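# Commentary on secondary and tertiary structure
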Amino acid sequence: MAFPIREYWALTKPRVVALIVFTAFVGMFLAVPGLPPLRESVFGFIGIWLAAASAAAINHLIDQRIDRVMARTANRPLATGALQPAQVLAFAVFLGALSMAMLISMVNPITAALTFASLIGYAIVYTAWLKRATPQNIVIGGIAGAAPPLLGWAAVTGMRNEWDWAHALLLVLIIFVWTPPHFWALAIFRRDDYARALVPMLPVTHGVQYTRWQILFYTVLLVLVTLLPYAVKMSGAFYLGGALVLGAVFLWYAWRLLDPPDEFFAMRTFNYSIVYLMALFAFLLLDHWLMPWLTPAPAFELQPIAQQPIA
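As the structure is a computational prediction, the values presented were derived from the model and not from experiment.

Another point: the layout of surface pockets. Of the voids in this model, the largest pocket is the one considered here, and its volume is about 1400 Å³. Lining of the largest pocket is provided by 50 residues; of these, K13, R15, V16, V17 and Y122 occupy positions nearest its centre. Secondary structure elements with two or more residues in the lining of the largest pocket: α2 (14–30), α3 (38–62), α7 (109–133), α9 (142–145), α10 (148–157), α11 (162–189) and α17 (265–294). Looking at the lining of the largest pocket element by element, the count peaks at eight residues for α2. Here the lining of the largest pocket is composed, by residue class, of 31 nonpolar, 13 polar and six charged.

This is the structure:
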């Protein structure tokens, strides 16, 4: 029997993890004035990816009952029986152990510790407990999913001073506030699935209209939070312009969602939220690293030579 590469790859949730590691990658570049150190960047990137993939596999393992009754997840490897729980557990442990070994030996201990805490926060605290315990699950548990920029920052700096923590946590705050409107839009569209699986997502427990207002509230808060990098001089006018345009479009989606033209509009809002976060972090990266290279240096001005008195 051939090794089921496709099924193991699906366990890592590649599209979700791609967004995670992209924000970690941006965190690495924002942490230093020029190019980040090569070894720490490469092994930090791989280590963070492995940890995120491990957390995703654990999510599959814990959610296998839910996945079987939800249309969105019914084709996952455990739900279909393509893989067995023991195989998934071994795969997740292997990825997690490899991640920690790489981060400790090739990057730095603080990155390994923060990455491990994020893995446990998402895979265990959120997936195994919060997801089933409260309709605020995605808000409270969102801190684990918001950690990647901090992990990338830590990989190249070691978090040696308060400046590192302040700026890295500002990036974490952006993703933390972005998570509820992002995920609740999906939850509105998939609310019947969540109700069938007995998962207390907000649209199930408090209704769709209440959730729509919460999406609008968090989107307004998100737009305000994304102004902070400019306010603290972490980023410049290029980022500010991009953030305002992206935020205006997100606000339009959130406002239109209060009275949507069709049932699928919630899914379009969810899809835009992914584009929004990727573009926002791309603007951060361009503003920080590329724009100084594209900005011409001030022209050299000749200073008049003081005339010496004639003897």
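Back to the text.
Before going further, it helps to examine a nonpolar patch on the surface. Judged by side-chain polarity, F116, I120, I124, V125 and W129 come together as a nonpolar surface patch covering roughly 460 Å² of accessible area. Structurally, I124 can be placed in helix α7. On the accessibility criterion, I124 (39% relative accessible area) is partly exposed.

Further remarks concern the environment of T73. Among the structural elements, T73 can be located in the loop between α4 (64–69) and α5 (77–80). T73 sits in the buried class, given a relative accessible area of 1%. Taking the C-alpha atoms as reference points, T73 and P149, separated by 76 residues in sequence, lie 28 Å from one another. Excluding anything up to four places from it in sequence, T73 contacts I66, D67 and A79.

So, about unusual backbone geometry. Phi at M159 takes a positive value of approximately 50°, unusual for a residue other than glycine. Topologically, M159 is positioned in the loop between α10 and α11. The backbone of L198 shows a phi angle near 60°, a positive value even though the residue is not glycine. Within the element layout of this structure, L198 appears in the loop between α12 (191–196) and α13 (202–206). On the basis of relative accessible area, L198 is assigned to the exposed category, the value being 66%.

Here we take up helix α14 (residues 208–225). With 18 residues, α14 extends 25 Å between its outermost C-alpha atoms, agreeing within 8% with the 26 Å of an ideal straight helix rising 1.5 Å per residue. Among the residues making up α14, those that are buried are V208, T211, R212, Q214, I215, L216, Y218, T219, L222, V223 and V225.

Most of α10 is tucked away: ten of the ten residues are buried. Within the span of α10, buried status applies to P148, P149, L150, L151, G152, W153, A154, A155, V156 and T157. G158 lies just past α10 and shows a positive phi near 75°.

Okay, the packing of α11 against α14 next. Helix-helix packing is described using two parameters, namely the angle between the two axes and the distance between the axes. Contact pair α11 / α14: the axes reach a minimum separation of 9 Å and the direction vectors enclose 155°. One way to sum up the angle between α11 and α14 is to call them roughly antiparallel. Along this stretch, α11 crosses α14, giving a crossing that reads as left-handed. Between α11 and α14, the residues in contact are L173, I174, V177, W178, P180, P181, W184, A185 and I188 and V208, T211, R212, Q214, I215, Y218, T219, L221, L222 and V225, respectively. Split by residue class, the contact of α11 with α14 holds 15 nonpolar, three polar and one charged.

Attention now goes to the confidence of the model for the protein chain. When pLDDT is averaged along the protein chain, the result is 92, and 92% of the positions lie at 70 or above. Put simply, α9 is where the protein chain has its lowest mean pLDDT, 90, and α14 is where it has its highest, 98. Below a pLDDT of 50 lies the segment residues 299–311, which in the model reaches zero contacts outside its immediate sequence neighbourhood of four places, other chains included.

The geometry of α7 relative to α10 is characterised by a closest axis approach of 8 Å and an angle of 165° between their N-to-C directions. One finds that α7 runs roughly antiparallel with respect to α10. As α7 runs across α10, the sense of the crossing is left-handed. Across the interface between the two elements, I110, T111, L114 and T115 of α7 pack against L150, L151, A154 and A155 of α10. Residue composition of the contact of α7 with α10, by class: six nonpolar, two polar and no charged.

The rules behind each value
- Note that residues are indexed from 1 along each chain, following the sequence as it is written.
- Given that this is a predicted model, residues contribute local features only at a pLDDT of at least 70 and side-chain atom pairs are listed and counted only at 80 or more, while totals for whole chains, interfaces and linings are drawn from all residues.
- Side-chain measures were taken over the full set of non-hydrogen atoms in the model, leaving aside hydrogen atoms and water.
- Any residue with an atom within 4 Å of a point lines the site, the site being either a cavity, points on a 1 Å grid over the protein atoms alone where a 1.4 Å probe fits but cannot get out, or a pocket, an open set with protein on both sides within 12 Å along at least 5 of 7 lines.
- Grid points are joined across faces, edges and corners, and a volume is the space filled by probe spheres set on the points.
- Numbering of helices and strands starts at the N terminus; helices are DSSP runs of H or I of at least 4 residues and strands are runs of E of at least 2.
- By the convention adopted, Pro, Cys, Tyr, Trp, Phe, Met, Ile, Leu, Val and Ala count as nonpolar, Lys, Arg, Asp and Glu as charged, and the other residues, Gly among them, as polar.
- Two joining distances apply to patches: 9 Å for like charges and 5 Å for nonpolar side chains (Val, Leu, Ile, Met, Phe, Trp, Tyr), and every residue must have over 30% relative accessible area and no salt bridge.
- The Shrake-Rupley method, run with a 1.4 Å probe, gives the accessible areas here. Residue values count only the displayed protein chains as cover.
- Every case where a carboxyl oxygen of Asp or Glu lies within 4 Å of a side-chain nitrogen of Lys or Arg is listed as a salt bridge.
- Only protein chains enter the accessibility calculation, which uses a 1.4 Å probe. A residue is then buried if its area is under 20% of the maximum for its type, exposed if over 50%, and partly exposed in between.
- Should any heavy atoms of two residues lie within 4.5 Å, those residues are considered in contact.
- Expected span of a helix, by definition, is 1.5 Å for each gap between consecutive residues, and there is one gap fewer than residues.
- Lines fitted to C-alpha atoms define the axes, with helix axes restricted to the stretch in contact, and inter-axis angles between N-to-C directions lie between 0 and 180 degrees.
- For classification, angles of less than 35 degrees are called roughly parallel, those exceeding 145 degrees roughly antiparallel, those between 65 and 115 degrees roughly perpendicular, and all remaining angles oblique.
- For any pair of crossing helices, the crossing counts as left-handed if the nearer helix is rotated counterclockwise from the farther one by less than a right angle, and right-handed if it is rotated clockwise.
- The predictor attaches a confidence to each residue, and that confidence, scored 0 to 100, is pLDDT.

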